[in-house]
Amino acid sequence: MPRITDVRVTPIAFRDPPLLNAMGIHEPYALRSIIEVDVEGGVTGLGESYGDERFLHPMQAIAPRLKGMEVLDVNGLRRVVAEVAKDKPEADNPFFRRGNERIEARLVGAFEVAMMDAFGKGTDTRLCDLLGGAVRQSVPFSAYLFFKKGRHIDRPDLEDEWGEVITPEQLVGEAKRMCGAYGFGSIKLKAGAFPPEQEIEALEAVGEAFPGTPLRIDPNGNWHVHTTIRLLPRLEPLLEYLEDPTFSIPAMGLIQNATSLPLATNMCTVAFAHFPETIRLGAVRIVLADHHYWGGLRATADLARICDTWGLGLSMHSNSHMGISLMAMTHAAAATPNLTYACDTHYPWQTEEVIEGGRVRFEQGSVTLPDGPGLGVTLDKDALARLHEQYTTCGIRKRDDGHQMQKYEPGWSPIRPRY
């Protein structure tokens, strides 16, 4: 088994539009990190993960400790991650409120993809085949609609070709443009930014413009239980599923037991330890996987088997990401027999890329597995250097949608649930 000779973690920043959500508005730049794992024989594996300082610092501490480790020694990786993560402060970070296992899973996931990519490249094996083999050669994704401002208030010089999207008519225009360009066959709306009735009205307009197209809405936990239950008669005939209307497993259970409409989550059931309560309360019917925070690609396969055992639907969550992350999602989804819904992706909102050949292509809303080994993508070193320089100069070191929103509306507070 080849051993790791070097590991590099490079933070990058790429342009992001002013997209609205429950916690505020996207900043002008999104942060990610690019992981390179060199192994004996001159092969380099690639990974992509979070770029906030709270992740970047432990990742940079982990990287040198992986040298000399066998490239598929994920148990060894977990030991190193545990050593580094045990002293990671979490009191100021609500994203980690459920405990250190969530920190460790994210850190393992960051490096595991690059390690598996290196092994796949060194053995001329596609990553999906390391996960059990492809059950599909192309993976469907869903259009991901957002309400948005027309420009960043503090960076009006940055071009945003999508323009303002606030009204139902503007949202229909956004949907037509995105589905026309990428061929998506289902549509998701990021909600929680405006009163629910206003957002539902806009999605109803999209439904009228796209008859028969499966629709989803994601308020990101910004609706009260009583609000959601009151809106169910309007939502049930409209939606394929309702994602995270509120933010706790018990609250989701109250809603799910009041409706036949499936609830989906990437906010409540987000670790293996959450399944007993989720199943006991019947809280959700669909889990949105994400290899970045479930602990990597093999952990995602474990998650898929649990969902299959309990009869739960399965799809994939997304955040602002580059092509390395998108291809890791594609390989994981291709090797998952019980992927029951098209995956999320923010990718249409990004205009820059860090892989050779430029942006990943979508055909009829799907990404086709590449023929090459591992992930099937190669790092563009010039693009990496450019996006790293953008990181050093953009002034952003952690995502803070609430602070960004206060530039538009002084005194605004990210209360959740708001409605």
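Asks: Help me out: how do you make sense of the environment of Gly 357 in this one?
Replies: By the secondary structure assignment, Gly 357 is in the loop between α12 (323-334) and β14 (366-368). The sequence separation of Gly 357 and Pro 233 amounts to 124 residues, and the corresponding C-alpha distance is 47 Å.

Asks: Would you mind going over the packing of aromatic side chains with me for this structure?
Replies: Ring pairs (aromatic) are described by centroid distance and by the angle formed between their planes. Under the criterion given, the structure shown has 13 aromatic pairs. Judged by centre distance (5.3 Å) and plane angle (85 degrees), the ring pair of Phe 147 and Phe 194 falls under edge-to-face. One end of the pair, Phe 147, is in the loop between β7 (143-146) and α5 (168-182); the other, Phe 194, is in the loop between β8 (187-190) and α6 (196-209), with 47 residues separating them in the sequence. Taken together, a centroid distance of 5.4 Å and an interplanar angle of 15 degrees make the contact between Tyr 182 and Phe 184 stacked. Given the relative accessible area of 7%, Phe 184 is considered buried. Three or more aromatic residues joined by ring pairs make a cluster, and in this case those are Phe 141, Tyr 182, Phe 184, Tyr 347 and Phe 362. Over the face of the ring belonging to Tyr 50 we find Arg 32, whose NZ or CZ atom lies 5.9 Å from the ring centre. Across the ring face of Tyr 347, the terminal group of Arg 359 is positioned such that the distance to the ring centre comes to 4.1 Å.

Asks: How do you make sense of the packing of α5 against α6 when you look at a structure like this?
Replies: Each pair of packed helices can be summarised by the angle the axes make with each other and by the distance between the axes. As a packed pair, α5 and α6 sit with axes 8 Å apart at the nearest point and diverge in direction by 45 degrees. It follows that α5 is oblique to α6 by the angle criterion. Remark: the crossing between α5 and α6 carries right-handed chirality. Counted together, Pro 168, Leu 171, Val 172, Ala 175 and Lys 176 of α5 and Glu 201, Ala 202, Leu 203, Ala 205, Val 206 and Ala 209 of α6 form the full contact between these two elements.

Asks: Just to check I follow, could you spell out the pairing of strand β9 (residues 215-218) for this structure?
Replies: Neither face of β9 is open: one carries Leu 215 and Ile 217, the other Arg 216 and Asp 218, and all of them are buried. Summarising the sheet, β8 and β9 pair through four bridges and their orientation is parallel. Across the sheet, residue Ile 187 finds its bridge partner in β9, namely Leu 215. After leaving β8, the chain enters α6 and then returns to the sheet as β9, a path that is right-handed. On the question of chirality, the crossover connecting β9 to the parallel strand β10 (residues 241-243) by way of helix α7 (residues 225-235) is right-handed.

Asks: What am I meant to see in the nonpolar core here?
Replies: It is characteristic of soluble globular proteins that their nonpolar side chains tend to be buried jointly. Of all hydrophobic cores here, the largest spans 135 residues; its most connected members are Phe 111 and Val 206. With 11 residues, helix α3 (residues 100-123) is the largest single contributor of residues to this core. In this structure, Tyr 241, Ala 264, Ile 286 and Leu 288 belong to the second largest nonpolar core, which totals five residues.

Asks: Before we go on, may I ask you to explain the state of the cysteines in this structure?
Replies: Evaluation of the coordinates by the stated rule reveals zero disulfides. Of the cysteine sulfurs around Cys 307, a residue in no disulfide, the closest is that of Cys 343, at 13 Å. According to the relative accessible area criterion, Cys 307 is buried, its value standing at 0%.

Asks: How should I be thinking about the side chain of His 346 in this particular structure?
Replies: Examined against the element boundaries, His 346 turns out to sit in the loop between α12 and β14. Discounting residues that sit within four places of it in the chain, His 346 has contacts with His 26, Tyr 144, Phe 146, Ser 318, Asn 319, Ser 320 and His 321.

Asks: Hey, could you run me through the sheet that holds strand β1 (residues 4-15) in this one?
Replies: Two pairing modes exist for strands in a sheet, parallel and antiparallel, and in both the strands are linked by backbone hydrogen bonds. Judged by pairing direction, the sheet is antiparallel, and its three strands sit side by side in the order β1-β4-β5 without closing on themselves. Of all the strands in the sheet, just β1 and β5 (43-50) have a single pairing partner and so form its edges. Between one strand and the next, the sheet's axes are offset by a mean angle of 20 degrees, whatever the strand orientation. Direction of pairing for strand β4 (residues 29-39) relative to β5: antiparallel, over a ladder of eight bridges. Each residue of the ladder has a partner; that of Ser 33, found in β5, is Ser 49. Sheet strands touched by α12: β4 and β5. Its angle to β5, the strand with the most contacts, is close to 95 degrees. In the packing of helix α13 (residues 381-394) onto the sheet, the strands contacted are β1 and β4, and the crossing angle to β1 comes to about 60 degrees.

Asks: Please explain unusual backbone geometry as it appears in this structure.
Replies: Leaving glycine out, the prevailing phi sign among residues is negative, and the prevailing peptide bond configuration is trans. The residue after Arg 416, namely Pro 417, is reached through a cis peptide bond having omega 0 degrees. The topology assignment puts Pro 417 in the segment after α14 (401-408). For Asp 124, which is not glycine, the phi dihedral falls at a positive 55 degrees. Structurally, the position occupied by Asp 124 is in the loop between α3 and α4 (127-130). A relative accessible area of 62% means that Asp 124 is categorised as exposed. For Asp 244, which is not a glycine, the phi torsion comes out positive at approximately 40 degrees. Within the secondary structure, Asp 244 is located in the loop between β10 and α8 (249-256).

Asks: Help me understand the sheet that holds β10, please; the structure alone is not making it clear to me.
Replies: Here we have seven strands laid out as an open sheet, ordered β7-β8-β9-β10-β11-β12-β13, and parallel in their pairing. Strand pairing shows two members of the sheet lacking a second neighbour, β7 and β13 (313-316), which therefore form its edges. If you compare each strand with its neighbour and ignore which way they point, the axes differ by 25 degrees on average. Here β10 pairs with strand β11 (residues 263-265) via two bridges, running parallel. Counted as the bridge partner of Leu 242 is Leu 263 from β11.

Asks: Looking at this model, I keep getting lost on the pattern of salt bridges. Mind explaining?
Replies: Side chains bearing opposite charge may pair, as long as their charged atoms lie close to each other. Tallied over the entire structure, the rule returns 29 salt bridges. Measuring nitrogen to oxygen at the nearest pair gives 3.6 Å for the salt bridge that ties Asp 6 to Lys 67. Highlighted residues: Asp 6 in strand β1 and Lys 67 in the loop between α1 (53-62) and α2 (74-85), separated in sequence by 61 residues. The partner of Glu 161 in a salt bridge is Arg 177, and the shortest N-O contact between them spans 3.1 Å. With Glu 161 in the loop between β7 and α5 and Arg 177 in helix α5, the pair connects residues that are 16 residues apart, well separated along the chain. The exposure class of Glu 161 is exposed, given its relative accessible area of 57%.

What counts as what
- Residues numbered from 1 in each chain as written.
- Predicted model: local features only at pLDDT ≥ 70, side-chain atom pairs only at ≥ 80, totals over all residues.
- Heavy atoms only, no water.
- Helix = DSSP H or I, 4+ residues; strand = E, 2+ residues; numbered from the N terminus.
- Phe/Tyr/Trp six-rings, centres within 6.5 Å; stacked < 30°, edge-to-face > 60°.
- Buried < 20%, exposed > 50% of the residue type's maximum accessible area, 1.4 Å probe, protein only.
- Lys NZ or Arg CZ within 6 Å of the ring centre and 35° of its normal.
- Axes fitted to C-alpha atoms, helices over the stretch in contact; angles between N-to-C directions.
- Parallel < 35°, antiparallel > 145°, perpendicular 65-115°, else oblique.
- Left-handed = near helix turned anticlockwise from the far one by under 90°.
- Contact = heavy atoms within 4.5 Å.
- Pairing = 2+ DSSP bridges.
- Right-handed = clockwise from strand over helix to strand, strands pointing away.
- Core = buried A, V, L, I, M, F, W, Y, C linked by side-chain atoms within 4.5 Å.
- Disulfide = S-S within 2.5 Å.
- Salt bridge = Lys/Arg side-chain N within 4 Å of Asp/Glu carboxyl O.

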